[in-house]
Amino acid sequence: MAGTDESDTAKRTVLGWDSDMNSQNSTAGGRYKKNWTPSEHYKDTKIAEQYDKERFSSVSGKVFDRLEKAAIRRAFRDLPADSLILDAPSGTGRLAETLLEMGHRVVGLDISPAMLTVAQRKLARFGERYQTRVADVNDLALEPKQFDAALCARVLMHFPIEEQIAFLSAVCHATRRTVVFNQSLDTTYQRLRRQVKRMLGNQAPASFPITPAEARRLIQEAGLIEQARYHVLPLVSEATVFACRIGD
Ligand SMILES: C[S@@+](CC[C@H](N)C(=O)[O-])C[C@H]1O[C@@H](n2cnc3c(N)ncnc32)[C@H](O)[C@@H]1O
(Lines give C-alpha, C1' and ligand atoms only; values in the text may rest on other atoms or scores of the structure.)
Protein backbone atom coordinates (compact mmCIF):
# COMPACT_ATOMS: atom_id res chain seq x y z
CA MET A 1 0.00 0.00 0.00
CA ALA A 2 1.09 3.53 -0.61
CA GLY A 3 1.32 4.20 3.12
CA THR A 4 4.35 1.98 3.21
CA ASP A 5 6.37 4.92 1.95
CA GLU A 6 8.63 7.01 4.15
CA SER A 7 6.18 9.61 5.23
CA ASP A 8 2.58 8.82 5.60
CA THR A 9 1.78 12.21 6.98
CA ALA A 10 -1.87 11.48 7.47
CA LYS A 11 -0.98 9.08 10.27
CA ARG A 12 1.93 11.04 11.68
CA THR A 13 2.03 12.18 15.26
CA VAL A 14 4.20 15.07 16.35
CA LEU A 15 6.72 12.64 17.73
CA GLY A 16 6.59 10.82 14.42
CA TRP A 17 8.01 13.65 12.33
CA ASP A 18 11.13 11.78 11.42
CA SER A 19 9.08 9.42 9.32
CA ASP A 20 9.45 12.26 6.81
CA MET A 21 12.91 11.07 6.14
CA ASN A 22 12.77 7.45 7.13
CA SER A 23 11.19 4.65 5.24
CA GLN A 24 8.38 2.92 7.02
CA ASN A 25 9.02 0.14 4.56
CA SER A 26 11.85 -1.17 6.59
CA THR A 27 11.89 -3.29 9.68
CA ALA A 28 12.92 -1.81 13.00
CA GLY A 29 16.28 -3.36 12.38
CA GLY A 30 16.77 -1.07 9.42
CA ARG A 31 16.47 -3.51 6.53
CA TYR A 32 14.13 -3.42 3.57
CA LYS A 33 11.10 -5.60 3.60
CA LYS A 34 11.89 -8.43 1.25
CA ASN A 35 9.50 -7.30 -1.45
CA TRP A 36 10.28 -3.60 -1.42
CA THR A 37 13.02 -1.70 -3.22
CA PRO A 38 13.09 2.06 -3.73
CA SER A 39 13.99 1.75 -7.41
CA GLU A 40 10.87 -0.37 -8.10
CA HIS A 41 8.29 0.84 -5.60
CA TYR A 42 7.59 4.21 -7.25
CA LYS A 43 7.10 2.76 -10.73
CA ASP A 44 3.53 1.89 -9.74
CA THR A 45 1.24 4.53 -11.28
CA LYS A 46 -1.13 4.51 -8.29
CA ILE A 47 1.72 5.11 -5.87
CA ALA A 48 3.09 7.92 -8.05
CA GLU A 49 -0.31 9.60 -8.37
CA GLN A 50 -0.87 9.45 -4.58
CA TYR A 51 2.65 10.46 -3.53
CA ASP A 52 2.12 14.19 -2.90
CA LYS A 53 -1.36 13.79 -1.41
CA GLU A 54 -0.38 11.07 1.03
CA ARG A 55 2.69 12.82 2.33
CA PHE A 56 2.09 16.53 2.09
CA SER A 57 -1.63 17.26 2.32
CA SER A 58 -2.08 16.99 6.12
CA VAL A 59 -1.27 20.01 8.29
CA SER A 60 1.99 18.47 9.51
CA GLY A 61 2.88 17.40 5.97
CA LYS A 62 2.30 20.93 4.66
CA VAL A 63 4.39 22.47 7.43
CA PHE A 64 7.24 20.05 6.81
CA ASP A 65 7.06 20.56 3.05
CA ARG A 66 7.21 24.33 3.47
CA LEU A 67 10.15 24.21 5.90
CA GLU A 68 12.05 21.73 3.75
CA LYS A 69 11.58 23.96 0.70
CA ALA A 70 12.81 26.97 2.70
CA ALA A 71 15.96 24.98 3.60
CA ILE A 72 16.45 24.06 -0.06
CA ARG A 73 16.13 27.72 -1.07
CA ARG A 74 18.75 28.70 1.51
CA ALA A 75 21.07 25.93 0.35
CA PHE A 76 20.93 27.17 -3.27
CA ARG A 77 20.79 30.90 -2.58
CA ASP A 78 24.32 31.65 -3.87
CA LEU A 79 23.83 29.88 -7.18
CA PRO A 80 23.68 32.32 -10.15
CA ALA A 81 20.24 32.65 -11.74
CA ASP A 82 19.48 30.42 -14.71
CA SER A 83 21.86 27.71 -13.54
CA LEU A 84 21.26 24.19 -14.85
CA ILE A 85 20.37 21.95 -11.90
CA LEU A 86 20.08 18.18 -11.81
CA ASP A 87 17.24 17.06 -9.53
CA ALA A 88 18.02 13.40 -8.90
CA PRO A 89 15.75 11.75 -8.05
CA SER A 90 13.07 14.22 -9.05
CA GLY A 91 10.05 12.12 -8.10
CA THR A 92 6.90 14.18 -8.60
CA GLY A 93 8.97 17.35 -9.04
CA ARG A 94 8.12 18.66 -5.58
CA LEU A 95 11.50 20.29 -5.01
CA ALA A 96 12.20 20.94 -8.69
CA GLU A 97 9.32 23.38 -8.46
CA THR A 98 11.18 25.38 -5.80
CA LEU A 99 14.33 25.49 -7.96
CA LEU A 100 12.33 26.56 -11.02
CA GLU A 101 10.63 29.30 -9.00
CA MET A 102 14.12 30.52 -8.06
CA GLY A 103 14.81 31.08 -11.78
CA HIS A 104 16.88 28.00 -12.54
CA ARG A 105 16.54 25.36 -15.25
CA VAL A 106 16.08 21.82 -13.96
CA VAL A 107 16.60 18.35 -15.35
CA GLY A 108 14.48 15.98 -13.30
CA LEU A 109 15.96 12.50 -13.42
CA ASP A 110 14.21 9.48 -11.96
CA ILE A 111 14.07 5.74 -12.53
CA SER A 112 10.26 5.84 -12.36
CA PRO A 113 8.43 7.01 -15.50
CA ALA A 114 5.23 7.20 -13.42
CA MET A 115 6.72 9.72 -10.95
CA LEU A 116 8.06 11.84 -13.82
CA THR A 117 4.66 11.83 -15.54
CA VAL A 118 3.21 13.46 -12.42
CA ALA A 119 6.13 15.92 -12.32
CA GLN A 120 5.70 16.92 -15.98
CA ARG A 121 2.01 17.57 -15.45
CA LYS A 122 2.61 19.65 -12.30
CA LEU A 123 5.45 21.67 -13.79
CA ALA A 124 4.11 22.16 -17.33
CA ARG A 125 3.91 25.90 -16.71
CA PHE A 126 7.72 26.10 -16.68
CA GLY A 127 7.88 24.84 -20.28
CA GLU A 128 11.34 23.92 -21.54
CA ARG A 129 12.95 25.00 -18.27
CA TYR A 130 11.94 21.65 -16.74
CA GLN A 131 13.14 18.61 -18.64
CA THR A 132 12.81 15.02 -17.48
CA ARG A 133 14.89 11.96 -18.03
CA VAL A 134 14.17 8.35 -17.05
CA ALA A 135 17.43 6.84 -15.82
CA ASP A 136 19.19 5.18 -12.92
CA VAL A 137 21.14 7.80 -10.93
CA ASN A 138 24.02 5.36 -10.61
CA ASP A 139 24.56 5.55 -14.39
CA LEU A 140 25.59 9.20 -14.07
CA ALA A 141 28.93 7.87 -12.85
CA LEU A 142 29.72 7.05 -16.50
CA GLU A 143 28.74 10.44 -17.90
CA PRO A 144 30.60 13.76 -18.26
CA LYS A 145 29.99 16.76 -16.03
CA GLN A 146 26.95 18.52 -17.43
CA PHE A 147 25.17 20.32 -14.57
CA ASP A 148 26.05 23.47 -12.61
CA ALA A 149 24.45 22.06 -9.47
CA ALA A 150 22.51 19.09 -8.19
CA LEU A 151 19.87 18.23 -5.62
CA CYS A 152 19.64 14.70 -4.22
CA ALA A 153 16.63 14.61 -1.92
CA ARG A 154 14.74 11.93 0.02
CA VAL A 155 16.45 8.91 -1.32
CA LEU A 156 19.76 8.25 0.43
CA MET A 157 18.01 7.10 3.59
CA HIS A 158 16.73 4.09 1.68
CA PHE A 159 20.20 2.61 1.24
CA PRO A 160 23.05 1.29 3.40
CA ILE A 161 25.95 3.73 3.69
CA GLU A 162 28.08 2.12 0.96
CA GLU A 163 25.23 2.49 -1.54
CA GLN A 164 24.61 6.04 -0.35
CA ILE A 165 28.22 6.88 -1.15
CA ALA A 166 27.96 5.33 -4.64
CA PHE A 167 24.64 7.08 -5.33
CA LEU A 168 25.83 10.52 -4.20
CA SER A 169 29.18 10.07 -5.96
CA ALA A 170 27.33 9.45 -9.23
CA VAL A 171 25.38 12.69 -8.75
CA CYS A 172 28.63 14.55 -8.01
CA HIS A 173 30.31 13.04 -11.06
CA ALA A 174 27.81 14.86 -13.31
CA THR A 175 28.02 18.18 -11.43
CA ARG A 176 30.46 21.11 -11.59
CA ARG A 177 29.77 23.16 -8.49
CA THR A 178 27.05 22.86 -5.85
CA VAL A 179 25.52 19.65 -4.51
CA VAL A 180 22.71 19.72 -1.97
CA PHE A 181 21.41 16.53 -0.42
CA ASN A 182 19.28 15.57 2.53
CA GLN A 183 19.47 12.75 5.01
CA SER A 184 18.26 11.79 8.48
CA LEU A 185 20.89 12.68 11.03
CA ASP A 186 21.16 10.10 13.79
CA THR A 187 22.31 12.13 16.79
CA THR A 188 22.18 11.19 20.49
CA TYR A 189 19.11 13.38 20.95
CA GLN A 190 17.33 11.81 17.97
CA ARG A 191 18.18 8.31 19.23
CA LEU A 192 16.59 9.17 22.59
CA ARG A 193 13.56 10.58 20.85
CA ARG A 194 13.21 7.38 18.82
CA GLN A 195 13.34 5.32 22.01
CA VAL A 196 10.49 7.41 23.41
CA LYS A 197 8.56 6.87 20.19
CA ARG A 198 9.08 3.13 20.43
CA MET A 199 7.90 3.14 24.06
CA LEU A 200 4.77 4.98 22.95
CA GLY A 201 4.16 2.26 20.40
CA ASN A 202 5.09 4.25 17.32
CA GLN A 203 6.76 2.39 14.53
CA ALA A 204 10.50 2.68 14.93
CA PRO A 205 12.18 4.97 12.46
CA ALA A 206 13.78 2.65 10.04
CA SER A 207 15.91 2.63 6.97
CA PHE A 208 19.39 4.09 7.04
CA PRO A 209 19.87 7.39 8.88
CA ILE A 210 23.48 8.47 9.24
CA THR A 211 25.50 9.34 12.31
CA PRO A 212 27.56 12.55 12.28
CA ALA A 213 30.65 10.42 11.53
CA GLU A 214 28.89 8.74 8.61
CA ALA A 215 27.81 12.15 7.33
CA ARG A 216 31.45 13.23 7.27
CA ARG A 217 32.40 10.01 5.48
CA LEU A 218 29.58 10.33 2.94
CA ILE A 219 30.56 13.90 2.13
CA GLN A 220 34.26 13.14 1.88
CA GLU A 221 33.97 9.94 -0.16
CA ALA A 222 31.51 11.54 -2.57
CA GLY A 223 34.17 14.20 -3.19
CA LEU A 224 32.31 17.05 -1.52
CA ILE A 225 33.14 19.87 0.86
CA GLU A 226 30.37 20.84 3.27
CA GLN A 227 29.44 24.52 3.31
CA ALA A 228 26.29 24.64 5.43
CA ARG A 229 23.81 22.40 7.19
CA TYR A 230 20.12 23.13 7.78
CA HIS A 231 17.92 21.23 10.23
CA VAL A 232 14.41 21.29 8.88
CA LEU A 233 12.59 20.93 12.23
CA PRO A 234 15.33 20.38 14.80
CA LEU A 235 13.34 19.16 17.79
CA VAL A 236 10.95 16.80 16.06
CA SER A 237 12.71 15.62 12.91
CA GLU A 238 16.04 14.13 11.93
CA ALA A 239 15.72 15.72 8.49
CA THR A 240 18.88 17.63 7.60
CA VAL A 241 19.82 19.44 4.41
CA PHE A 242 23.53 19.49 3.57
CA ALA A 243 24.79 22.22 1.23
CA CYS A 244 28.13 21.25 -0.31
CA ARG A 245 30.44 22.10 -3.16
CA ILE A 246 32.45 19.80 -5.35
CA GLY A 247 35.95 19.40 -3.89
CA ASP A 248 39.06 20.69 -5.64
C1 LIG B 1 10.70 9.49 -2.10
S2 LIG B 1 10.94 9.91 -3.77
C3 LIG B 1 11.76 11.47 -3.59
C4 LIG B 1 11.54 12.41 -4.76
C5 LIG B 1 11.92 13.86 -4.57
N6 LIG B 1 13.36 14.06 -4.49
C7 LIG B 1 11.25 14.48 -3.36
O8 LIG B 1 11.95 14.94 -2.44
O9 LIG B 1 10.02 14.54 -3.32
C10 LIG B 1 12.28 8.80 -4.15
C11 LIG B 1 12.47 8.67 -5.65
O12 LIG B 1 13.71 7.99 -5.89
C13 LIG B 1 13.57 7.31 -7.13
N14 LIG B 1 14.68 6.35 -7.24
C15 LIG B 1 14.98 5.31 -6.42
N16 LIG B 1 16.10 4.70 -6.82
C17 LIG B 1 16.54 5.38 -7.92
C18 LIG B 1 17.66 5.23 -8.80
N19 LIG B 1 18.56 4.27 -8.61
N20 LIG B 1 17.79 6.11 -9.81
C21 LIG B 1 16.87 7.08 -10.02
N22 LIG B 1 15.80 7.26 -9.23
C23 LIG B 1 15.63 6.43 -8.19
C24 LIG B 1 12.18 6.70 -7.03
O25 LIG B 1 11.68 6.31 -8.27
C26 LIG B 1 11.41 7.86 -6.37
O27 LIG B 1 10.77 8.67 -7.33
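Residues numbered from 1 in each chain as written. Predicted model: local features only at pLDDT ≥ 70, side-chain atom pairs only at ≥ 80, totals over all residues.

A. Just the site of the ligand, in detail. Lining the immediate surroundings of the ligand are 17 residues, of which Tyr42, Pro89, Gly91, Ile111 and Ser112 lie closest. Elements with a minimum of two residues in the shell around the ligand: helix 1 (38-41) and helix 4 (94-101). Each residue belonging to the shell around the ligand can be placed in one class, and the counts come to 9 nonpolar, 4 polar and 4 charged. (Near = placed C-beta within 6 Å. Helix = DSSP H or I, 4+ residues; strand = E, 2+ residues; numbered from the N terminus. Nonpolar A, V, L, I, M, F, W, Y, C, P; charged D, E, K, R; others polar.)

B. Structural view of the nonpolar core. One finds Ala150, Cys152, Val171 and Val179 to be the most contacted residues of the largest nonpolar core, which totals 56 residues. Discounting residues that sit within four places of it in the chain, Ala150 has contacts with Ile85, Leu86, Ala88, Val171, Ala174, Thr175 and Val179. (Core = buried A, V, L, I, M, F, W, Y, C linked by C-beta atoms within 7 Å. Buried ≥ 20, exposed ≤ 12 C-beta atoms within 10 Å, placed from the backbone. Contact = placed C-beta atoms within 7 Å.)

C. The sheet that holds strand 4 (residues 147-152), seen in detail. Spatial strand order, 3-2-1-4-5-7-6: 7 strands in an open sheet with mixed pairing. In this open sheet, the two edge strands, each paired with only one partner strand, are strand 3 (130-134) and strand 6 (224-231). For this sheet, the mean inter-axis angle between neighbouring strands, taken without regard to orientation, is 20 degrees. Bridging between strand 5 (residues 175-184) and strand 7 (residues 239-246) involves 7 bridges; their strand directions are antiparallel. Bridge assignment links Thr178 to a residue of strand 7, and that residue is Arg245. In this fold helix 5 (residues 113-122) packs onto strand 2 (105-110) and strand 3, with an angle of close to 170 degrees to the strand it touches most, strand 3. (Pairing = 2+ DSSP bridges. Axes fitted to C-alpha atoms, helices over the stretch in contact; angles between N-to-C directions.)

D. Broad picture of the pairing of strand 4. By the criterion of burial, strand 4 is predominantly enclosed, with 5 of the 6 residues buried. Relative to strand 4, strand 1 (residues 84-87) runs parallel, the two sharing 3 bridges. Paired with Ile85 across the strands is Ala149, a residue of strand 4. Where the polypeptide runs from strand 4 across helix 6 (residues 161-173) and back to strand 5, its parallel neighbour, the crossover connection is right-handed. (Right-handed = clockwise from strand over helix to strand, strands pointing away.)

E. Fine view of the environment of Asp148. With respect to the element layout, Asp148 can be found in strand 4. Judged by C-beta crowding, with 18 C-beta atoms within 10 Å, Asp148 ranks as partly exposed. Through-space distance from the C-alpha of Asp148 to that of Arg176 is 5.1 Å; in sequence the pair is 28 residues apart. Excluding anything up to four places from it in sequence, Asp148 contacts Leu79, Ser83, Leu84, Ile85, Arg176 and Arg177.

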